[in-house]
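Chain and residue survey
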Amino acid sequence: MKIAMLGSGFIARFYASSLHAQRRKDSICTVYSRNIRNAKRFADDYHLPHFTDDMELAISHPDVEVVLISLPNHLHEMAVEACARAKKHVLCTKPLGRTAAEAKKMLQMVEDSGIFGGYLEDLCYTPKFLKSVESIQSGAIGRVLWTKSREAHPGPHSDWFWDKEKSGGGAIIDLGCHCVEIGRGFIGKNIRPVEVMCWSATQVHPIEAEDHAIGLVKYANGAISQFEVSWNFRGGMDLRDEVMGTEGTIWINGFLRTGFEMFSTGKGGYVAEKAESNSGWLFPVGDEAHELGYPNMFTDMFEAIETGRKPLESFYDGYIVNAILDAAFLSASTKNWEPVVIDDWRGDEIAESGEKFTSYNEQYYLIKEEILPNGDISLILKDKKTGEIVKQNRK
């Protein structure tokens, strides 16, 4: 497919490198930038036949089949509206909107115009995440009770991220959108998020937005999803996920320490995204785009367009993420659990209770089973009628 790239900055270059790598058939044919010199440089670097500083011109170009939005957050709605008018399929970088209301408008635009709307949440396409979700869905770790997703680094690369009006917030909107959707993926996106408790602070940077936050998202089935986000972490980009289930646990280290270590005196150049130094012991990433999920993401998006199916991450998912983040921002202000307001919920209406106990026999629940050093099996049991807790040993 032929693509119009809206934006020429950091994320646009990541996308372009992924799209044009390894003889891929989907390619960018034009780029729009608000700065014509940046547009030309981008076009030269990726050998594009067209470039422009007119967004409407890029979108309406006769060769363009899909528009890829890689613009600052405050420009997403305007760009989606232009795509809807032109009846061009659209893929939008995260977060979809600055608020749920903004995201809902964009969702309505693509649905009313009949175009495809893909939400570019790359961290939900990493090989480790996809394998983890597959394992969870197969029952490998039982019922998911708790998830934790952490993203922390020294802060974003462009000035607009630090402007609360343009970005919609700080670390919560920038990084929390990743972590929240990762938690949804582990728990099940058909399960409704019901309320959020969040702490945030501006600890280091002279900005109006938060640079550090921790939140809990409670789901209708009793599961809890925790997110930790910061622009104050020194030493690179820390991406880690954990899932705790009734029958197992998953730990993922997605970026910072992946088994590739290198020492350098500093004679080289770029190491990895958000790496703060190019000297000393370094932690490069073998295939950065692949580890961050970009190739899998674009494969899913373009195959979904071609076959008429929904992508793994749609505009609707982007809207739900924004609704959860709205509750997080409110909770950080009120210091209370705040409800997640979703005007258009499309998942399960009724979830089973999270309190499910393992039955040992007709009389007892099983609390714990353990092999002791002497080889005996220790059983901690609870009487279903009396509530009495007893211990039994088996040889």
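Here the residue numbers are simple positions, counted from 1 along each chain's written sequence. With the structure being a predicted model, the display of local features is reserved for residues of pLDDT at least 70 and the display and counting of side-chain atom pairs for 80 or more, all residues being used for whole-chain, interface and lining totals. The side-chain numbers reported here are obtained from all heavy atoms of the structure, hydrogens and water having been left aside.

1. A word on empty space enclosed by the protein
Here a cavity means grid points, on a 1 Å grid over the protein atoms only, where a 1.4 Å probe fits yet cannot get out; a pocket means an open set of points with protein on both sides within 12 Å along at least five of seven lines; lining residues are those with an atom within 4 Å of a point. Grid points are joined across faces, edges and corners, and a volume is the space filled by probe spheres set on the points. Taken as a whole and assessed by the stated rule, the structure comprises one cavity of 30 Å³ or more. In this structure, the largest cavity encloses a volume near 150 Å³. Secondary structure counts use DSSP, requiring at least four H or I residues in a row for a helix and at least two E residues in a row for a strand, with both numbered from the N terminus. Counting only elements with at least two residues in the lining of the largest cavity, the list comes to α6 (127-137), β7 (144-152), α8 (171-187) and β11 (238-245). When residue character is reported, Ala, Val, Leu, Ile, Met, Phe, Trp, Tyr, Cys and Pro are called nonpolar, Asp, Glu, Lys and Arg charged, and the others, Gly included, polar. Among the residues forming the lining of the largest cavity, the class breakdown is seven nonpolar, four polar and six charged.

2. A closer look at the layout of surface pockets
Estimates place the volume of the largest pocket at around 710 Å³. Phe10, Ile11, His157, Trp160 and Phe161 are the residues nearest the centre of the largest pocket, which is lined by 38 residues in total. Taken together, the elements giving at least two residues each to the lining of the largest pocket come down to α1 (10-19) and α8. Here the second largest pocket defines a volume of roughly 480 Å³. Considering the residues around the second largest pocket, the lining is formed by 24 residues, among which Lys310, Pro311, Ser314, Tyr316 and Arg346 are closest to the centre. Looking at the lining of the second largest pocket, the elements with two or more residues in it are α5 (100-113), α10 (294-307) and α11 (315-334). Considered class by class, the residues forming the lining of the second largest pocket number ten nonpolar, seven polar and seven charged.

3. What to know about the packing of α5 against α11
The contact between α5 and α11 brings their axes to 8 Å, and the two run at 165°. Relative to α11, the element α5 is oriented roughly antiparallel. The handedness of the crossing between α5 and α11 is left-handed. Of α11, the residues touching α5 (which contributes Ala100, Ala103, Lys104, Met106, Leu107 and Val110) are Phe315, Tyr316, Gly318, Tyr319, Asn322, Ala323 and Asp326. Classifying every residue of the contact of α5 with α11 gives nine nonpolar, two polar and two charged. To get an axis, a line is fitted to the C-alpha atoms, and for a helix only the part in contact is used. The angle between two axes follows their N-to-C directions and goes from 0 to 180 degrees. Relative orientations are named as follows: roughly parallel for angles under 35 degrees, roughly antiparallel for angles over 145 degrees, roughly perpendicular for angles from 65 to 115 degrees, and oblique for any other angle. Should the near helix be turned counterclockwise from the far one by less than a right angle, the crossing is left-handed, whereas a clockwise turn marks it as right-handed. In what follows, residue pairs with any heavy atoms lying within 4.5 Å of each other are defined as contacts.

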